[in-house]
Every structure is written in C-alpha cells, then in structure tokens.
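# Architecture and fold: a report
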Protein chains: 4
Amino acid sequence: MRLRVMCLSLCMPTDAHRIVVGNYHLDGYGHVNNARYLEFLEAARWAWFAQHGLTAAARQTRLVVLHINIRYRRAAVLDDVLTVHSRLCEVKSRLLRLTQTVRRGSDTVAEAEVAIAPTDAAGNVVRLPDALRGVLAELLAAGDSEV
Amino acid sequence: MRLRVMCLSLCMPTDAHRIVVGNYHLDGYGHVNNARYLEFLEAARWAWFAQHGLTAAARQTRLVVLHINIRYRRAAVLDDVLTVHSRLCEVKSRLLRLTQTVRRGSDTVAEAEVAIAPTDAAGNVVRLPDALRGVLAELLAAGDSEV
Amino acid sequence: MRLRVMCLSLCMPTDAHRIVVGNYHLDGYGHVNNARYLEFLEAARWAWFAQHGLTAAARQTRLVVLHINIRYRRAAVLDDVLTVHSRLCEVKSRLLRLTQTVRRGSDTVAEAEVAIAPTDAAGNVVRLPDALRGVLAELLAAGDSEV
Amino acid sequence: MRLRVMCLSLCMPTDAHRIVVGNYHLDGYGHVNNARYLEFLEAARWAWFAQHGLTAAARQTRLVVLHINIRYRRAAVLDDVLTVHSRLCEVKSRLLRLTQTVRRGSDTVAEAEVAIAPTDAAGNVVRLPDALRGVLAELLAAGDSEV
C-alpha cells in the first residue's frame, strides 16, 4: 500500500497554494485533522487552474473527485504555514491525475494522488472539453520547463 | 447584548437531536469549535421537520438562515453526548424563528436563536407555502401540550 | 432582534482578511453555508492579532468565544472574493468584543458581533494579561485614526 | 491505482455507523463533498471501537491516521441514509489497517483503506498497548464468525 509516485518525475512543476493553520483546522490532538487536508487539496487544485487561466474552461464540466490516496507524513500544527504543490500527471479524455504535496518549508507534511473526472449535471462521466484537454496536454508535455 | 429568550415560554416543547462528539468536532483547545455548533443546529432543525412529517413541505422552498444569535455556555469535549432541543417560536408568512438549545444531560452547553426565511432559487425571500405555514402555526399554538 | 451595531462608530477601523470561496465552502443551496462564516471570522480574528503583532501575547491565554450574533445579508457564491473586516469594540479585564463584517466588494455579506474571553486550560475565565490589555485599550482609544 | 481490497475476505465482518446526509455535508455540486467522507470514516472508526468496548483501551495512545486511500463510487445527496461498515484487516504492534465502506442501501458510495498508528503526545509512533493489541488480534482472527 505504498504511495505510488512514479508519475512525479514526469510531472509539470509545482504551483503553490498557501494556508495558515488556524485553531479550527485542528482536532483534539492539536494537529490538522486528516479530513481538512482534502479541503486544502481542493482549494489548491482550483488555485492551480486559476494560475493557468483555466478556471472558466474547467467549469464547463463538473470536475469530481474519483479517488484520493493520501499519506500523512508529519503533523501540522497551529500557525504552520503550509503550501500545497500541485502537479498534473496525466490527461486523458475522461480523467485527470494530479499529485499534490503539502509542505511546511522543505518538509513534506502530506502527499496525495488525486484522480478527477469531468461529469455532467447528472454525475455521468463525460469527455473533457477539447480546448481544455488540449491546454492541459500541452502543460503536461511542457514538463519541468513550465514554471 | 444579552441573549433574548423571551419567546421561550411561548414555545412548543422540545425535540431532541443527538450528537456524539468526535475528535474531528474539536479544535486545538480540545473543545467543540464554535463553528461546529451551527452544523449541529442545522442537523437538528431538519430532524425537527422530519419528526413532524414536514420535510417534503419544507423543501418546497429553500429555507435559508438569516440570523443566528448563539451563546456558548460550557465547553463540550470528546465523547460528550449532546442533544439539541429545537423550539418553534414564531411563524410569519416570510419568517420562522426557533430557539435551539444544545445540552449535555441537564447542562446547557449552548443556546441559540435562529431566524430562517423561505427563498426562491434566486435567493429572494418568498412566502411560506400555505400548507406548511398552517401546520407550523398549529404546532406553535399547541404550545407545551405538544410533545 | 435587530443586530445592534451601536459600537461601530466607536470602533477602530478595519483590518481585512481575504477568502476566495471554494466549492467546499458551499452547501447544497450553492451558497456559503452558515457555519463556514464562523471559521472565516475566526481566521480573521487571528489575522487581526497578527497584524497588530499581538499573536504571542494573545496566546498567553486561551481566547474562547462566548457569544456570536451573526446576520446573513447576502448569499456568497463560488469564486466570490470575500474580505472580513474586524473591529475591536470593547476591552475589559475579562472580555473582548469585536464586530466583524464579511464583504464582497462594497456589499455586506454578513455581519457579526463576537464576544471572547481569556480562559485558563480548565476553561475558567481569567484576566487578560496586563500587557495585552494595555495594547488593546490603546488600539481601541486610537479609534478611527488607526489604520 | 486500483483500490486493493485483497484483505477484505480475511476481515472481520462489518459494524455499521449511520449518517443522514444534511445540506451542510454537500458542496456546490449538490453531493457530499469529498472531504466530508473522512469525517464519516473517523466517526465510524470510533463507533467500531465503542461497539467492541475498546474506547478506553484505544485512548491509552493517540491513534493517528497515516494513510487513507479512498475511492468515490457514487454521489451521495441530500437525505441519503449512509452506513459506514468498518473491518479490521491487520493488527501489528505499531499499525492497524481497516477497510471502511460507505453504503446507501446495497450500493457502495465510497470505499477506503485506512492505516492508523498509535503515537505518544509528541507524535512518535509507539507500540499498541498489549491488552488492546491482544483483543484486536482476537477480533481479527475470529473473522467472519464475528458479528
């Protein structure tokens, strides 16, 4: 059940999203609750789309999460400044894969693989709009040369 | 800024909704975070409608919260069993008022006054469906004789 | 049950905290759920302390929420950029009061009065540390001349 | 990246935890947000411990989540009644594995593999208390004969 990260070396480089950990992010253990990270990841994915000017294109379908595989490596605590680095790993007609890493400085706090699919209003998986798919494929191909 | 509870004596009696406090309900202080109570209140309101067979009627409009006035009296902690007691206080054509009390045994943990309004899909306040308003008015009038 | 805002004119001016509304902030009505605003308010309060260099001082006690009186004026929806403006209204030895306003541009989305108290680890209300109280009283007295 | 469920046939049978989906569990897509499921899983894990009379024993250490691998199979919507079925899959001195399945009637809504570890207050992984480990190992060995 190891986290498979074989796609990382093929990924386009990272776009950071920044979170300051508040008291309400914590649970009774005094660390960020496991469920909160999924909200951080979601926010970072949209920040990633926004950064690439793809928000409107991405909203032409409903992107729903099919799968998240997340490993918690360190506890994040009050006042930590976390950044989420999102990398596109795979673009298919009906599927996107990203890896997302939550960091505190150079430490990895959590890392996740996320699969999302475009769906229609009824929840059926549909094809990515061609224009969006094209841009994503280019971003993926650009690889590490991309900021 | 005292919590006005003058409507309590006119209210219909309580319907309980039960919550077992989990670690993820807590914040870094080890008590239930102030925001979570609003989720407890929302769940209890719908339980109240369900208990009176009014779920379908209530869904004919979108009931949105206009105002919450909540006072936190005691800290709730891990494993506490909380019950939320909801009382209808006022029924108008475009407004409902409830008081909701969160208890742990006989202790009051938090108490809130909540005002909600029926709206249309665009968010405009509309009239309560007549049938719903009628039943609610009867429940209110039945007062303490009502279970 | 109108929101009393008489303290506003006495308040020190605003410090903004910025939130981009994500899909996970919404509920089934497609607007920010009422409970989420309390998380926004909490984040903004700590941003307010940080902005005034008071984080460490504020952490000498546990500041707990005693009371929130929040009125929801407009629905906030996906991609809205909200700012929370926090104003200190009252400083007493065992109590702080703030008003917090959530805005979207010049529109008021929600406004709240919040009372918080310093407590010890057992949850008992204690006195504000003198140094903190002094600084807060000065900020309050500086009133509208304060940024 | 298929969900590996090879441990299922070895697992002890299920203990259900029941959730009624509320409006605040949904996101802007009108379905339960992906992050919420992790709260459902956490609640169900503690319900599982409670059902086996193991709450106090489990609290002798802090059980933290190391890894969650969750696949979302169907959308859950307002008023759905979900049950979470938790199965213990592996008991080691410093690790527990469970599979947890969220169901709506006979439909699988989501399924997850969860790895958790006992830690001390500093977050270091420690050994499961012997008594707890013993009981868990017996439950695991009892397999499908267990309720």
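Residues numbered from 1 in each chain as written. Chains lettered and ligands numbered in written order. Predicted model: local features only at pLDDT ≥ 70, side-chain atom pairs only at ≥ 80, totals over all residues. Heavy atoms only, no water.

Where an unreviewed UniProt entry is consulted, chain A appears under the name Acyl-CoA thioesterase, with the organism given as Conchiformibius kuhniae. Under the UniProt heading Sequence similarities (unreviewed entry), the entry covering chain A gives this text: "Belongs to the 4-hydroxybenzoyl-CoA thioesterase family." (UniProt positions renumbered as here; feature names shortened; annotations may be inferred.)

With that settled, consider the pattern of salt bridges. Going through the model one piece at a time under the given rule, you end up with 35 salt bridges over all chains. One salt bridge connects R104 of chain B with D80 of chain B, and the closest N-O pair in it is separated by 2.8 Å. Residue R104 of chain B is found in strand β4 (residues 95–104), and its partner D80 of chain B is found in the loop between β2 (62–72) and β3 (81–92); the two are separated by 24 residues along the sequence. Assessed through its relative accessible area of 22%, R104 of chain B is described here as partly exposed. Through salt bridges that share partners, R36 and E39 of chain A together with R36 and E39 of chain C make up one connected network. (Salt bridge = Lys/Arg side-chain N within 4 Å of Asp/Glu carboxyl O. Helix = DSSP H or I, 4+ residues; strand = E, 2+ residues; numbered from the N terminus. Buried < 20%, exposed > 50% of the residue type's maximum accessible area, 1.4 Å probe, protein only.)

Here we come to the relation of the copies chain B and chain C. Of the transformation superimposing chain B on chain C, the axial component is 0.0 Å and the angular component is 180°, with the fit at an RMSD of 0.0 Å. The symmetry that links the two subunits is that of a two-fold axis. Nearest to the rotation axis, the C-alpha of N69 of chain B is located 2.1 Å from it, this being the minimum over chain B. The overlap is high: 100% of the interface residues of chain B also sit at the interface in chain C, so the same surface is used on both sides. (Least-squares fit on C-alpha atoms with pLDDT ≥ 70 in both. Contact = heavy atoms within 4.5 Å.)

Summed over all chains, the structure comprises four cavities of 30 Å³ or more. In this model, the largest cavity occupies a volume close to 340 Å³. Residue lining of the largest cavity: 29 residues in total, with R36 of chain A, E39 of chain B, R36 and E39 of chain C together with R36 of chain D positioned closest to the centre. Classifying every residue of the lining of the largest cavity gives twelve nonpolar, eight polar and nine charged. (1 Å grid on protein atoms, 1.4 Å probe; cavity = no way out; pocket = protein on both sides within 12 Å on 5 of 7 lines; lining within 4 Å. Points joined across faces, edges and corners; volume = space filled by probe spheres on them. Nonpolar A, V, L, I, M, F, W, Y, C, P; charged D, E, K, R; others polar.)

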